[in-house]
Amino acid sequence: MPELIQSVRGMNDLLPPDSAKWGYVERRCRELFERHGYEEIRTPVLEHTPLFARGIGETTDIVEKEMYTFTDRDESSLTLRPEGTASVIRAYIEHSLAHREPVSKLFYIGPMFRRERPQKGRYRQFHQIGAEILGRDDPLIDAELLLMLHDFFTALRLEVTIDVNSLGDAVCRPAYRESLRVFGESRLAQLCENCHARLHRNPLRLLDCKEPGCRQVTADAPVFADFLCAPCRDHFARVQDYLRRENVPFALNPRLVRGLDYYCRTSFEVIAQGLGSQNAVCGGGRYDGLVEQLGGPAVPGIGFAIGVERLVMLLQAQAPPRSSPPDLFIAPLGEAAEGRAFSVAHRLRLGGYRIELESGSRGLKAQMRRADKLGARYVLILGENELAAGKGTVRDMQAKSDRPAAIDLALPARAMIEAIYNPSSQPSALSPQPEGAEQDSPGKV
Ligand code: AMP
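Owing to the predicted nature of the structure, the values given are computational and were not obtained by experimental measurement.

Peer 1: Just give me the short version of the overall build of the protein, but keep the residues and values in it.
Peer 2: Looking only at helices and strands, the protein has 16 helices and 16 strands in total. Considered along the principal axes of its C-alpha atoms, the protein spans approximately 90 × 55 × 45 Å. Within the protein, buried positions represent 49% of all 445 residues. The long-range share in the protein, meaning contacts at least 24 apart out of those at least 6 apart in sequence, stands at 69%. Total accessible area on the protein stands at roughly 22200 Å², and carbon and sulfur atoms take up 51% of it. Averaging the locations of the 57 positively and 59 negatively charged side chains of the protein gives two centres separated by 4 Å.

Peer 1: Give a detailed account of the pairing of strand β11 (residues 301-307), specifying residues and quantitative values.
Peer 2: In terms of burial, β11 is largely enclosed, as seven of its seven residues are buried. Sheet topology places strand β6 (residues 125-134) next to β11; seven bridges connect them, and they run antiparallel. Considered in β11, the bridge of L134 is made with G301. When strand β10 (residues 280-286) meets β11, the two strands line up antiparallel, connected through five bridges. The residue of β11 that forms the bridge with G285 is G303.

Peer 1: An account of the nonpolar core is requested, with residue identities and associated values reported.
Peer 2: Among the nonpolar cores identified, the biggest contains 82 residues, and F33, F152, F153, F304 and I306 are the most heavily contacted of them. The biggest single contributor to this core is helix α6 (residues 139-155), with eight residues. Among all residues touching F152, those that are not within four sequence positions of it are V25, R28, C29, L32, F33, I129, I306 and L311. One finds Y378, V394, I420 and Y421 within the second-largest nonpolar core, a separate group that totals 21 residues.

Peer 1: Run through the pattern of salt bridges, naming residues and quoting values.
Peer 2: Here the structure, examined in full by the defined rule, presents 20 salt bridges. A salt bridge links E40 to R42, with the nearest nitrogen and oxygen atoms 3.1 Å apart.

Peer 1: Report on the site of the ligand, specifying residues and quantitative values.
Peer 2: Among the 15 residues in the neighbourhood of the ligand, the closest are listed as R114, E116, Y123, Q128 and A280. Y123 places a polar main-chain atom, nitrogen or oxygen, 2.9 Å from a nitrogen atom of the ligand. Within the complex, 86% of the 480 Å² of free accessible area of the ligand lies under protein. Broken down by element, the residue count for the shell around the ligand peaks at four residues, all from β10. Looking at the shell around the ligand residue by residue, the class counts come to six nonpolar, four polar and five charged.

Thresholds applied
One numbering rule holds for all chains: residues counted from 1, following each sequence as written. Where local features are concerned, this predicted model is filtered to residues with pLDDT of at least 70; where side-chain atom pairs are given and counted, the filter is 80 or more; whole-chain, interface and lining totals use all residues. Computation of side-chain values: all heavy atoms of the structure, hydrogens and water removed. Per the convention used, a helix needs a DSSP run of H or I reaching at least four residues, while a strand needs a run of E reaching at least two, with both numbered from the N terminus. Each residue's exposure class comes from its accessible area (1.4 Å probe, protein chains only) as a fraction of the maximum for that residue type: buried when under 20%, exposed when over 50%, partly exposed otherwise. Contact between two residues is taken to exist if any of their heavy atoms lie within 4.5 Å; hydrogens are not considered. Calculation of accessible area relied on Shrake-Rupley with a 1.4 Å probe; when residues are assessed, cover is drawn exclusively from the protein chains displayed. For the purpose of charge, His is not counted, nor are the chain termini; Lys and Arg are scored as positive and Asp and Glu as negative. Where a charge lies is defined by one atom per residue type: Lys uses NZ, Arg uses CZ, Asp uses CG and Glu uses CD. At least two DSSP bridges between two strands are required for those strands to pair. Think of a nonpolar core as a cluster: buried Ala, Val, Leu, Ile, Met, Phe, Trp, Tyr and Cys residues, connected wherever their side-chain atoms sit within 4.5 Å. When a carboxyl oxygen of Asp or Glu is within 4 Å of a side-chain nitrogen of Lys or Arg, the pair counts as a salt bridge. One heavy atom within 4 Å of a molecule or strand is enough for the residue carrying it to be called near that molecule or strand. Pairs of N or O atoms are called polar contacts if they sit within 3.5 Å, as long as, within protein, a hydrogen donor faces a hydrogen acceptor (for residues adjacent in sequence, only side-chain-to-side-chain pairs). Each residue is assigned to one of three groups, with Ala, Val, Leu, Ile, Met, Phe, Trp, Tyr, Cys and Pro labelled nonpolar, Asp, Glu, Lys and Arg labelled charged, and all others, Gly among them, labelled polar.

By themselves these figures say nothing about function.
Structure below.
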């Protein structure tokens, strides 16, 4: 296939019916997050490169080798955002949000770009649903964020594990770092090349290494829990107490670390079965020094980012997508009938009904095949002969029966659909509610 019509490697089209799953996930997210007081933020996909170098860290894999960076015509260096937090904080500082509200609860949904090696669950353009709370550092807020995350996965009927750890703070981290460094030095020969470099730059990342040999070596490495200072220990204990209070299942994972110094205290990851090696659906944690690091006020923060592709993969495994059929399929026969069908469809759609309208130039048989394929229960056939009498024929696809129905454009949409579904004009149990009135469910996407 010519390159012209091939999407860029690692960047995918989102097509129906999968797009309906995405819409469903986004609706559930908005619903739940807004109930917790979060407001949406949208930032540009392009930022000045130094924002990420500073906000994510010069020595991270993302900044070292995965960013899509280019020089703009005015020689400035721009980068397609590889994650959302740095941009949110840039906007938070730029628009002085700290002066507007003591606490900002923000969420975002959008594409991120990392030039990683594509594989199942790992793409070069992927999407994240993220949330950030800026302005509070008490354990209650950490627990509230984790509880909301748990509720989100539960609402989607997904079983996941939440791993948590505490990364301490500037007071207790140096001693832990040092103990890891000493531990690593004493086992240098058994560690991989990458870990040698990590040992000097950031010993915490020894625990991150995916090499089975290194994992074996670090299995009995010192754990942060033994090094936490009293305030960090208390903070972490209270977060856990709140989670237990609401029966949120979580696992303590001493290996869970983040590379940068401003990540502190509560750190977490959500893991799901059935995703293969890319099994993390969400990562997050507290970053109390980051706003200041980027030039803003000393405002604490905590947040998470969920990978939407992986989330949708999990939903796919759970239940096949089922799109809802139209409330009515209109089959006009001929040009004049098509004009009337056009008006009927418009009227009913304004009333909230989901209507499928065919072209009047297609034969009845072809139209019926299409109605059947879409799963329509009722088809309104509008023939030229019936037009003058203001009538049509309703075919009940289930009962396989035809009956005449009056079509009166002067009636409100609900009465029109009643007359179509039930020509005797008795309100019937078959009448569907307009779309907006329906309950959302995972099966109906
Ligand atoms: P991170 O920003 O690296 O903490 O990632 C947060 C979440 O985004 C991960 O748990 C994944 O679900 C998702 N994610 C990160 N990188 C990718 C990628 N290259 N492709 C797909 N999803 C990703």
